[in-house]
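Chain by chain, the residues run as shown.
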Amino acid sequence: MENQRESGMKERKKRRVILFPLPLQGHINPMLQLANILYDKGLSITVIHTNFNSPNSSNYPHFHFCSIPDGLLELGASSLDVVALTTHLNVNCVVPFRDCLDKLLSNVEEEESTACLITDAACHFTHAVADSLNLPRIVLRTSSIASLLAFAATSLLHEKGYFPIEDLGSEAPMPEFPSLRVKDIPLIHTQDEENFYQLLITMITQIKASSGLIWNSFQELEQDTLKTLEHDFRMPIFTIGPFHKYLPASSSSLLSQDTSSISWLDKQAPKSVLYVSFGSIVAVNETEFLEIAWGLAGSGVPFLWVVRPGLIRGYEWLEPLPKGFLEKLDGRAHIVKWAPQQEVLAHPATGGFWTHNGWNSTLESICEGVPMICQPCFGDQLVNARYVSHFWRVGLHLENRLKRGEIERIIRRVILEAEGEEMRDRIMDLKKKVDVSLRQGGSAYQSLESLISYIESF
Ligand code: UDX
């Protein structure tokens with residue numbers, strides 16, 4: 001019996017999957033989590049990555065890594081303009097990616113045949129490359145299902161000549177996606193707006209042309225949008241998220257995580273702390289930063305604040321913070337450059353999360369039952385925030401210009417008032433659904449089993 005199982009394992013190890021993430025923190029994390037899940041299921045893993053934001057391979061000794069020259073830095077690409085970065089990547093990486101993939105496929109030993117390529121949805125150029133090498137391509141979409149449908153609707157509106165919109169703050173329903181408002185349309189500002197729409201159109205076309213679509217989301221959370229997706233995207237769909245709950249975390253963080261966050265939280269009362277972080281890309285100006293600082297201070301609530309270097313436009317780090325700000329708060333506040341976010345959200349002292357609603361942050365908050373203050377800035381964050389505040393009702397949306405008085409009030413509502421308790425109850429229900437979905441027989445569990453069989457069928 002034991003021998004049979006061992007030889008079965010060996011046979012399964014023979015299939016290899018090649019993965020290629022978009023080189024941004026919010027995309028690298030889910031891709032490497034997925035890689036770990038697939039490895040755990042007996043597949044061997046090769047990760048192709050750019051030099052720009054390259055992952056730390058030493059945290060993944062069980063994977064094979066290949067880096068490709070991307071020329072992104074030379075072009076002045078930065079994480080601050082994700083559309084320009086992605087557009088450059090889709091042009092610049094074609095040749096090096098093809099060479100690398102070709103080499104990998106021809107070097108393959110008999111017992112390690114490559115089953116397929118899994119690439120980020122935004123890396124649409126990989127589709128033609130995979131096709132030319134007769135390799136199936138499965139797409140990983142790292143955000144919510146609702147946000148992809150909203151992007152699809154946005155590209156349709158562009159085709160119909162709807163943009164530019166005069167009243168971008170309108171509460172009217174979004175044409176082509178009426179469960180959102182015009183103000184939730186997931187636009188992303190960039191140097192050349194046309195690039196954005198072109199990126200959406202090509203991404204959606206190449207998703208539809210691919211062999212399958214993997215989601216870091218789960219059926220019970222996005223039931224209705226999943227139905228629409230299945231209708232609009234007729235292809236194998238796998239909702240196997242939340243990825244980070246499958247296995248103990250191995251860090252794919254590009255910045256080092258400050259563990260003093262946890263020792264500081266250890267000294268705080270249960271559910272008393274507001275965790276504040278706007279992810280790896282969002283930036284604010286000095287005025288907004290000061291409103292946030294004074295709003296946090298005025299709320300009377302203890303807070304753990306991630307001020308990422310570069311968060312404040314034009315400054316290195318905390319220079320605009322008034323002198324003595326932290327000292328005056330007398331231990332009620334802790335500021336770090338980057339935190340071990342999943343541990344922070346799972347900590348008993350954490351009572352709320354002020355977030356930009358990047359999909360990873362949103363999902364991580366749901367998984368730990370932490371209600372949110374939503375402050376989306378661009379793209380999918382606007383859609384995620386609307387779902388969090390309006391449909392799942394597990395967060396409050398901070399919609400207006402940042403003003404310290406409003407910030408103080410919304411923090412108190414989430415951390416101290418009954419409204420916050422009600423949101424906590426609702427998000428705890430979602431957390432329970434996550435747990436059921438991942439268990440044997442649950443929807444994510446079954447979807448992962450189907451994905452593995454599908455990959456092994458190539
Ligand atoms: C980007 C986009 O902005 C987002 O809208 C999209 O959904 C994914 O790509 P980002 O802004 O970085 O992502 O946000 P998010 O998706 O929340 O990902 C941030 C990741 O960094 C999370 O996994 C979070 O746990 C991690 N993180 C964040 C840390 O490890 N430490 C921190 O201090 C902050």
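The name an unreviewed UniProt entry gives the protein chain is UDP-glycosyltransferase, with Mangifera indica as the organism. Listed in UniProt under the heading Sequence similarities (unreviewed entry), the comment for the protein chain reads: "Belongs to the UDP-glycosyltransferase family."

Student: With reference to specific residues and values, describe the domain arrangement of the protein chain.
Tutor: Per the domain assignment, the segments of the protein chain are domain 1 (10-249 + 438-456) and domain 2 (260-435). Taking only C-alpha atoms into account, the centre of domain 1 sits 27 Å from that of domain 2. Each partner contributes residues to the interface: domain 1 has 38 residues there, and domain 2 has 28 residues. Across the domain 1 to domain 2 interface the summed buried area is about 2,800 Å²; carbon plus sulfur atoms make up 62%. For domain 1, the biggest contributors to the area lost against domain 2 are R181, L221 and H244; these three give 20% of the whole. Taken together, the links from domain 1 to domain 2 amount to four salt bridges. Salt-bridge contacts for E399 lead to K183; the nearest nitrogen and oxygen are separated by 3.3 Å. Run the count over domain 1 and domain 2 and you get twelve residue pairs in polar contact (both at pLDDT 80 or more).

Student: Lay out the packing of aromatic side chains in plain terms, naming residues and giving numbers.
Tutor: One pass over the full model with this rule turns up 21 aromatic pairs. Here the aromatic cluster, defined as three or more aromatic residues joined through ring pairs, consists of F151, Y162, F163, F196 and Y197. A cation over a ring is seen here: K208 above F233, with NZ or CZ 4.7 Å from the ring centre.

Student: Can you tell me about the pattern of salt bridges, naming the residues and giving the values?
Tutor: Taken as a whole, this structure holds 15 salt bridges when the rule is applied. A salt bridge links K183 to E171, with the shortest nitrogen-to-oxygen separation between them at 3.1 Å. Here K183 is found in the loop between β7 (177-181) and α7 (193-208), whereas its partner E171 is found in the loop between α6 (145-159) and β6 (173-174), with twelve residues between them in sequence. For K183, a relative accessible area of 23% translates into the label partly exposed. Salt-bridge contacts for R181 lead to D184; the nearest nitrogen and oxygen are separated by 2.9 Å. Given the relative accessible area of 1%, D184 is considered buried.

Student: Explain the sheet that holds strand β3 (residues 64-68) to me, using residue names and the numbers behind them.
Tutor: Pairing is parallel in the open sheet, where seven strands are placed in the order β3-β2-β1-β4-β5-β8-β9. For this open sheet the edge positions go to β3 and β9 (237-239), each flanked by a neighbour on one side alone. On average, each strand axis in the sheet is inclined to that of its neighbour by 20 degrees, with strand direction left out of account. Where strand β5 (residues 137-141) and strand β8 (residues 212-215) come together, four bridges link them in parallel fashion.

Student: Could you give an account of unusual backbone geometry, with specific residues and numbers?
Tutor: Looking along the chain, the bond that leaves F163 and enters P164 is cis, with omega of -5 degrees. Of note, P164 is situated in the loop between α6 and β6. Here G241 and P242 are connected by a cis peptide whose omega angle stands at -5 degrees. Within the secondary structure layout, P242 lies in the loop between β9 and α9 (260-265). Positive phi outside glycine occurs at E176, with the angle close to 75 degrees. Its location among the elements puts E176 in the loop between β6 and β7.

Student: Which residues make up the site of the ligand, and what are the values?
Tutor: Contacts to the ligand come from 23 residues, most closely from S280, A339, S361, E364 and D380. Take H356: an N or O atom from its side chain is 2.9 Å from an oxygen atom of the ligand. Calculation on the ligand without its partners gives an accessible area of 660 Å², and the protein chains cover 97% of this total. Listing elements by their share of the shell around the ligand, those giving two or more residues are α2 (25-40), β10 (273-277), α13 (359-368) and α14 (380-391). Taken together, the residues of the shell around the ligand sort by class into seven nonpolar, 14 polar and two charged. Residue-level mapping places the shell around the ligand at the junction of two domains, with at least three residues from each of domain 1 (10-249 + 438-456) and domain 2 (260-435).

Student: Which residues make up the pairing of strand β2 (residues 44-50), and what are the values?
Tutor: Burial of β2 is extensive: seven of the seven residues sit out of reach of the surface. With four bridges connecting them, strand β1 (residues 16-20) and β2 associate as parallel partners. Across the sheet, R16 pairs through a bridge with S44, a residue of β2. Read as a crossover between parallel neighbours, the route from β1 over α2 to β2 is right-handed. In this sheet, β3 lies alongside β2 in parallel orientation, the contact comprising five bridges. The partner of T46 across the bridge, within β3, is H64.

Student: I'd like a description of the sheet that holds strand β14 (residues 372-374), backed by residues and values.
Tutor: By way of backbone hydrogen bonds, the strands of a sheet pair with one another, either parallel or antiparallel. Here we have six strands laid out as an open sheet, ordered β12-β11-β10-β13-β14-β15, and parallel in their pairing. What marks the edges here is a single partner per strand, and that holds for β12 (333-336) and β15 (395-397). Here the strands of the sheet are splayed against their neighbours by 15 degrees on average, with no regard to which way each runs. Packed on one face of the sheet, helix α15 (residues 404-415) meets β10, β13 (350-355), β14 and β15 and runs near 140 degrees to β13.

Student: Mind laying out the environment of I452, listing which residues take part and the relevant values?
Tutor: Note that I452 resides in helix α17 (residues 443-457). Its relative accessible area of 3% is what places I452 among the buried residues.

Student: I'd love a proper account of α6, names of residues and values included.
Tutor: With 15 residues, α6 extends 22 Å from end C-alpha to end C-alpha; this agrees with the ideal 21 Å at 1.5 Å per step. With respect to burial, α6 is a largely interior element, twelve of its 15 residues being buried. Among the residues of α6, those classed as buried are I145, A146, S147, L148, L149, A150, F151, A153, T154, S155, L157 and H158. Backbone geometry just downstream of α6 places G161 in the positive-phi region, at approximately 75 degrees.

The rules behind the values
- Residues numbered from 1 in each chain as written.
- Predicted model: local features only at pLDDT ≥ 70, side-chain atom pairs only at ≥ 80, totals over all residues.
- Heavy atoms only, no water.
- UniProt positions renumbered as here; feature names shortened; annotations may be inferred.
- Domains from an automatic or database assignment.
- Contact = heavy atoms within 4.5 Å.
- Buried area = accessible area lost by both parts, 1.4 Å probe.
- Salt bridge = Lys/Arg side-chain N within 4 Å of Asp/Glu carboxyl O.
- Polar contact = N/O pair within 3.5 Å; in protein donor to acceptor, adjacent residues only side chain to side chain.
- Phe/Tyr/Trp six-rings, centres within 6.5 Å; stacked < 30°, edge-to-face > 60°.
- Lys NZ or Arg CZ within 6 Å of the ring centre and 35° of its normal.
- Helix = DSSP H or I, 4+ residues; strand = E, 2+ residues; numbered from the N terminus.
- Buried < 20%, exposed > 50% of the residue type's maximum accessible area, 1.4 Å probe, protein only.
- Pairing = 2+ DSSP bridges.
- Axes fitted to C-alpha atoms, helices over the stretch in contact; angles between N-to-C directions.
- Near = heavy atom within 4 Å.
- Areas by Shrake-Rupley, 256 points an atom, 1.4 Å probe, with all protein chains shown as cover.
- Nonpolar A, V, L, I, M, F, W, Y, C, P; charged D, E, K, R; others polar.
- Right-handed = clockwise from strand over helix to strand, strands pointing away.
- Expected span 1.5 Å × (residues − 1).

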